[in-house]
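Residues per chain, in single letters:
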Amino acid sequence: MEKMKRIAALAAVIIMVVCALLTLIFALLKYETAWKASAYCMVIIPVMIYVMMWLAKLLKNRNG
């Protein structure tokens with residue numbers, strides 16, 4: 001279980017770094033729509049990860 005958590009955390013960090021780089025690249029190249037979508041992902045992805053972790057903890061405590 002601990003190994004899976006580490007893999008998931010590493011994947012989340014990689015996704016966030018890629019989103020940050022894409023946001024920067026799209027902004028510099030002046031792709032307006034792509035820049036907005038990438039900036040949106042920079043906000044939504046961490047929120048979704050937090051909600052999934054919160055729900056997993058809530059459901060684990062409920063069944064235990």
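Asker: Would you mind going over unusual backbone geometry with me for this structure?
Answerer: Of all residues except glycine, most have a negative phi; of all peptide bonds, most are trans. Non-glycine residue Lys30 carries a positive phi angle of around 60 degrees. If you trace the backbone, Lys30 turns up in the loop between helix H1 (2-28) and helix H2 (32-63).

Asker: Explanation requested: the packing of aromatic side chains in the structure shown.
Answerer: In this description, an aromatic ring pair is defined by two values, namely the gap between the centres and the angle between the planes. Scanning the model with the defined rule gives one aromatic pair in all. Aromatic pair Phe26 and Tyr31: ring centres 6.3 Å apart, planes at 75 degrees, arrangement edge-to-face. Among the residues examined, Phe26 registers a relative accessible area of 22% and is labelled partly exposed. Residue Tyr31 is classed as partly exposed on the basis of its relative accessible area of 47%.

Asker: Mind showing me how you'd approach the side chain of Thr23 here?
Answerer: Note that Thr23 resides in helix H1. Side chain to side chain, Thr23 and Ser38 meet in a polar contact 2.5 Å long. Discounting chain neighbours no more than four positions away, the residues touching Thr23 are Trp35, Ser38, Ala39 and Met42.

Asker: Is there a simple way to think about H1 in this case?
Answerer: Residues that lie three or four places apart on an α-helix share one face, since the helix turns once every 3.6 residues. Under the 1.5 Å per step criterion, the end-to-end length of H1 is 39 Å for 27 residues, consistent within 8% with the ideal 39 Å. Phi turns positive, to about 60 degrees, at Lys30, one or two residues after H1.

Asker: Would you take a moment to explain the environment of Ala39 for this structure?
Answerer: Counting through the fold element by element, Ala39 comes out in helix H2. Classification of Ala39 as partly exposed rests on a relative accessible area of 25%. Through-space distance from the C-alpha of Ala39 to that of Thr23 is 6.0 Å; in sequence the pair is 16 residues apart.

Rules and cut-offs
- Residues numbered from 1 in each chain as written.
- Predicted model: local features only at pLDDT ≥ 70, side-chain atom pairs only at ≥ 80, totals over all residues.
- Heavy atoms only, no water.
- Helix = DSSP H or I, 4+ residues; strand = E, 2+ residues; numbered from the N terminus.
- Phe/Tyr/Trp six-rings, centres within 6.5 Å; stacked < 30°, edge-to-face > 60°.
- Buried < 20%, exposed > 50% of the residue type's maximum accessible area, 1.4 Å probe, protein only.
- Polar contact = N/O pair within 3.5 Å; in protein donor to acceptor, adjacent residues only side chain to side chain.
- Contact = heavy atoms within 4.5 Å.
- Expected span 1.5 Å × (residues − 1).

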